[in-house]
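Here is what each chain is made of, one letter per residue.
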There are 2 protein chains.
Amino acid sequence: MIRVMIADDHQLFAEGLSRALNGIPDTRVVGVVDSGDALAEALENQPAEVCIVDIEMPDGDGIEAISGLDSRFRSIVVSMHASDEQKARAKDAGAMGFFSKGVPLATLAAAIRAVAGGEMLIDYDDSARDEVLGRFMSAKLDPGAEALTPREVELLQLLASGVSATDELAERLYISQKTVKNHLASIFQKLAVADRTQAAIEAIRLGFANPQ
Amino acid sequence: MIRVMIADDHQLFAEGLSRALNGIPDTRVVGVVDSGDALAEALENQPAEVCIVDIEMPDGDGIEAISGLDSRFRSIVVSMHASDEQKARAKDAGAMGFFSKGVPLATLAAAIRAVAGGEMLIDYDDSARDEVLGRFMSAKLDPGAEALTPREVELLQLLASGVSATDELAERLYISQKTVKNHLASIFQKLAVADRTQAAIEAIRLGFANPQ
DNA sequence: GCGCGATTGGGCCACTAGACCCATCTCAAA
DNA sequence: TTTGAGATGGGTCTAGTGGCCCAATCGCGC
């Protein structure tokens with residue numbers, strides 16, 4: 001679990017990103033602040049491995065804020081209007097990553113994992129960076145969750161979306177009720193849960209629930 | 001349930017906002033597009049009551065996009081750098097709401113409810129608008145969910161946190177297993193679900209799960 | 001006081017879920 | 001080619017679930 005602190009004065013963005021990252025199994029947002037000055041203060045009370053810092057903020061520019069941070073706090077700078085000189089400033093200030101707000105969530109999540117693992121993403125050029133990020137794309141799931149087979153994942157998604165009855169699961173997957181129960185038994189063991197209710201909850205927590 | 005379509009080219013923002021709104025019981029994001037041109041197209045296949053539209057977008061400015069929309073699709077314009085001139089343009093184009101991206105999520109959620117209910121938020125001045133929004137601040141739960149008794153909510157929270165076995169629920173609540181089953185039966189009816197798995201999923205969706 | 005809903009229980013019963021065995025088939029990797 | 005994992009099934013059994021009755025107690029408001 002990587003603890004993340006967000007510094008951004010646009011609340012819609014910060015709250016949305018916070019919820020999005022909390023929906024990813026291995027990242028957890030432990031705090032949101034709306035100015036550069038508040039960042040260092042928040043980190044004293046609530047340590048975090050990675051900070052997501054916006055450049056454009058009142059009361060303490062984001063880049064100034066991270067230049068004053070303890071080096072054990074790693075930072076990723078995000079900007080609405082990303083430019084090369086902003087990137088250079090971010091690098092000088094000690095940021096380990098630099099992204100436009102136009103990147104997909106999955107990319108930022110990968111960057112968080114990479115930075116938490118010590119990668120200086122900001123040193124790479126674009127293609128090299130993407131190669132590195134590719135290695136961090138998949139969320140490190142619980143040991144049990146990654147052992148799930150494709151078919152088990154399929155069943156789990158259905159379960160997490162509210163299809164709980166054996167006969168309905170069987171219909172949806174074009175298999176017999178018996179096979180549904182066999183898959184479920186295997187899922188229970190891998191997720192270390194006792195019944196389909198706990199499996200569904202765990203599936204939602206792990207992000208297996210497909211939205212809509 | 002208010003269906004929401006998001007048009008924003010900043011994926012981090014759009015994905016974050018999408019997840020945030022889906023976490024609110026009475027709003028559901030049914031689509032995300034990254035340009036003004038794609039908005040009208042998406043609405044044909046997937047109708048929505050309210051559109052959240054960013055101004056700054058490539059391939060079709062957000063304001064141009066909503067001016068061409070059918071009037072049954074109501075729009076709220078959000079902007080990174082909100083100005084009076086932008087607000088006037090949004091109003092002329094038929095937007096029913098106008099907000100900076102700096103507003104809290106709860107405000108936008110209230111605005112979505114207000115606009116879905118036909119309020120022309122954009123016509124009010126700031127103080128009058130906040131007064132109107134205040135009336136829409138609380139999420140309207142599903143009719144069934146608000147009929148839940150305190151004890152039923154307590155049980156549902158436990159269930160949503162993974163306590164699925166009858167005997168454990170009984171222990172935690174200091175009541176007999178029989179009473180647990182009675183409460184569950186009542187919950188099933190009120191939430192219109194069939195079993196505890198669906199009840200747990202619905203409880204999580206409704207925000208009854210207490211995190212951590 | 002009187003009703004009403006919430007909370008707490010009981011009994012009964014059909015059905016289901018989950019645990020434990022097992023077999024077959026396919027496909028890809030070694 | 002053989003081995004192993006995955007997917008598909010079967011049978012059986014016990015404990016548990018959920019549906020449907022019912023009743024006593026306790027507050028709270030009318």
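Report follows, based on the coordinates. (Residues numbered from 1 in each chain as written. Chains lettered and ligands numbered in written order. Predicted model: local features only at pLDDT ≥ 70, side-chain atom pairs only at ≥ 80, totals over all residues. Heavy atoms only, no water.)

So, on to the protein's contact with DNA strand C. R196 of chain A together with T149, S176, K178 and N182 of chain B are the nearest of the 15 residues found near DNA strand C. The protein-proximal atoms of DNA strand C, defined as those within 4 Å of the protein, are 60% sugar or phosphate. A distance of 2.8 Å is found between a phosphate oxygen of DNA strand C and a side-chain nitrogen or oxygen belonging to T166 of chain A. Within the side chain of T179 of chain B, an N or O atom sits 2.8 Å from a phosphate oxygen of DNA strand C. Breaking the surface near DNA strand C down by element, the ones donating at least two residues are helix 9 (177–191) of chain A together with helix 8 (150–160) and helix 10 (177–191) of chain B. In terms of residue count, helix 10 of chain B provides more of the surface near DNA strand C than any other element does, four residues in total. For the surface near DNA strand C, a count of residues per class yields three nonpolar, six polar and six charged. (Near = heavy atom within 4 Å. Polar contact = N/O pair within 3.5 Å; in protein donor to acceptor, adjacent residues only side chain to side chain. Helix = DSSP H or I, 4+ residues; strand = E, 2+ residues; numbered from the N terminus. Nonpolar A, V, L, I, M, F, W, Y, C, P; charged D, E, K, R; others polar.)

Residues and elements named next belong to chain A. The sheet built from five strands is open, its strands ordered 2-1-3-4-5 with parallel pairing. Across the chains shown, the open sheet's two edge strands, defined by having one partner strand only, are strand 2 (27–33) and strand 5 (97–100). Averaged over neighbouring strand pairs, the angle between their axes works out to 25° when direction is ignored. Of the strands in this sheet, strand 1 (2–7), strand 2 and strand 3 (50–54) touch helix 2 (residues 36–45), which is tilted by about 150° from strand 1. (Pairing = 2+ DSSP bridges. Axes fitted to C-alpha atoms, helices over the stretch in contact; angles between N-to-C directions. Contact = heavy atoms within 4.5 Å.)

The next point concerns the protein's contact with DNA strand D. Close to DNA strand D lie 15 residues; T149, S176 and K178 of chain A together with T166 and R196 of chain B are nearest. Near the protein, within 4 Å, the atoms of DNA strand D are sugar or phosphate in 60% of cases. Within the side chain of K178 of chain A, one N or O atom sits 2.6 Å away from a base oxygen of DNA strand D. Taking T166 of chain B, its side chain carries an N or O atom lying 2.7 Å from a phosphate oxygen of DNA strand D. Residue assignment for the surface near DNA strand D shows that the elements contributing at least two residues are helix 7 (150–160) and helix 9 of chain A together with helix 10 of chain B. A total of four residues in the surface near DNA strand D trace back to one element, the largest contributor, which is helix 9 of chain A.

Now for the packing of aromatic side chains. The relative placement of two aromatic rings is captured by the distance of their centres and the angle of their planes. Using the criterion set out here, one finds zero aromatic pairs over all chains in the structure. One cation-aromatic arrangement involves K101 of chain A over F13 of chain A; the distance from NZ or CZ to the ring centre is 4.0 Å. (Phe/Tyr/Trp six-rings, centres within 6.5 Å; stacked < 30°, edge-to-face > 60°. Lys NZ or Arg CZ within 6 Å of the ring centre and 35° of its normal.)

Before going further, it helps to examine the relation of the copies chain A and chain B. When chain A is fitted to chain B, the residual RMSD is 2.2 Å, and the transformation amounts to a turn of 179° plus an axial shift of 1.6 Å. Accordingly, the operation relating the two chain copies is best matched by a two-fold axis. When each C-alpha of chain A is compared by its distance to the rotation axis, T197 of chain A comes out closest, at 2.1 Å. Comparing interface residues between copies, 100% of those in chain A also sit at the interface in chain B, which points to an isologous, same-surface contact. (Least-squares fit on C-alpha atoms with pLDDT ≥ 70 in both.)

Okay, the interface of chain A and chain B next. Taken together, the contact between chain A and chain B spans 34 residues of the former and 35 residues of the latter. Taken together, the two surfaces of chain A and chain B that pack against each other cover about 2900 Å², and 64% of this comes from carbon and sulfur. On inspection of chain A and its partner chain B, the count reaches zero salt bridges. The tally of links between chain A and chain B comes to 14 residue pairs in polar contact (both at pLDDT 80 or more). Here the side of chain A that touches chain B takes eight residues from helix 1 (residues 11–22) of chain A, the largest share from any one element. Residue classes in the side of chain A that touches chain B are distributed as 14 nonpolar, 13 polar and seven charged. (Buried area = accessible area lost by both parts, 1.4 Å probe. Salt bridge = Lys/Arg side-chain N within 4 Å of Asp/Glu carboxyl O.)

This part is about the pairing of strand 4 (residues 74–79) of chain B. All names here are of chain B. Within strand 4, five of the six residues are buried, which leaves it mostly tucked inside the rest of the structure. As paired elements, strand 3 (residues 50–54) and strand 4 share five bridges and run parallel to each other. In the strand pairing of strand 4, D54 is matched with V78. Handedness of the strand 3-helix 3 (residues 62–67)-strand 4 crossover: right-handed. At this point the chain moves from strand 4, through helix 4 (residues 84–93), to the parallel strand 5 (residues 97–100), and the crossover so formed is right-handed. (Buried < 20%, exposed > 50% of the residue type's maximum accessible area, 1.4 Å probe, protein only. Right-handed = clockwise from strand over helix to strand, strands pointing away.)

On to the pattern of salt bridges, then. All told, the structure shown has 26 salt bridges over all chains when counted by the stated rule. A salt bridge links K91 of chain A to D123 of chain A, with the shortest nitrogen-to-oxygen separation between them at 3.5 Å. One end of the pair, K91 of chain A, is in helix 4 (residues 84–93); the other, D123 of chain A, is in the loop between helix 5 (105–116) and helix 6 (126–135), and 32 residues separate them in sequence. Classification of D123 of chain A as partly exposed rests on a relative accessible area of 46%. We note a salt bridge from R3 of chain B to E49 of chain B, for which the minimum N-O separation is 2.8 Å. Linking R3 of chain B in strand 1 (residues 2–7) with E49 of chain B in the loop between helix 2 (36–45) and strand 3, this pair joins segments that are 46 residues apart in sequence. In this structure E49 of chain B comes out as partly exposed when scored by relative accessible area, which is 27%.

Residue and element names in this part refer to chain A. One can describe the packing of helix 1 onto helix 5 by two numbers: an axis separation of 11 Å at closest approach and a directional angle of 70°. In terms of orientation, helix 1 lies roughly perpendicular with respect to helix 5. For helix 1 against helix 5, the interelement crossing comes out right-handed. Mapping the contact onto sequence places L17, A20 and L21 in helix 1 and L105, L108 and I112 in helix 5. Class assignment of the residues belonging to the contact of helix 1 with helix 5 gives a composition of six nonpolar, no polar and no charged. (Parallel < 35°, antiparallel > 145°, perpendicular 65-115°, else oblique. Left-handed = near helix turned anticlockwise from the far one by under 90°.)

Another aspect to go through is unusual backbone geometry. Here A192 of chain A, not a glycine, exhibits a phi torsion of approximately 60°, which is positive. Turning to its location among the elements, A192 of chain A is positioned in the loop between helix 9 and helix 10 (196–205). Residue classification places A192 of chain A among the exposed positions, given a relative accessible area of 67%. Of note, the phi angle at Y174 of chain B is positive, near 60°, even though the residue is not glycine. Looking at the secondary structure, you find Y174 of chain B in the loop between helix 9 (166–173) and helix 10. For Y174 of chain B, a relative accessible area of 76% corresponds to the exposed category.

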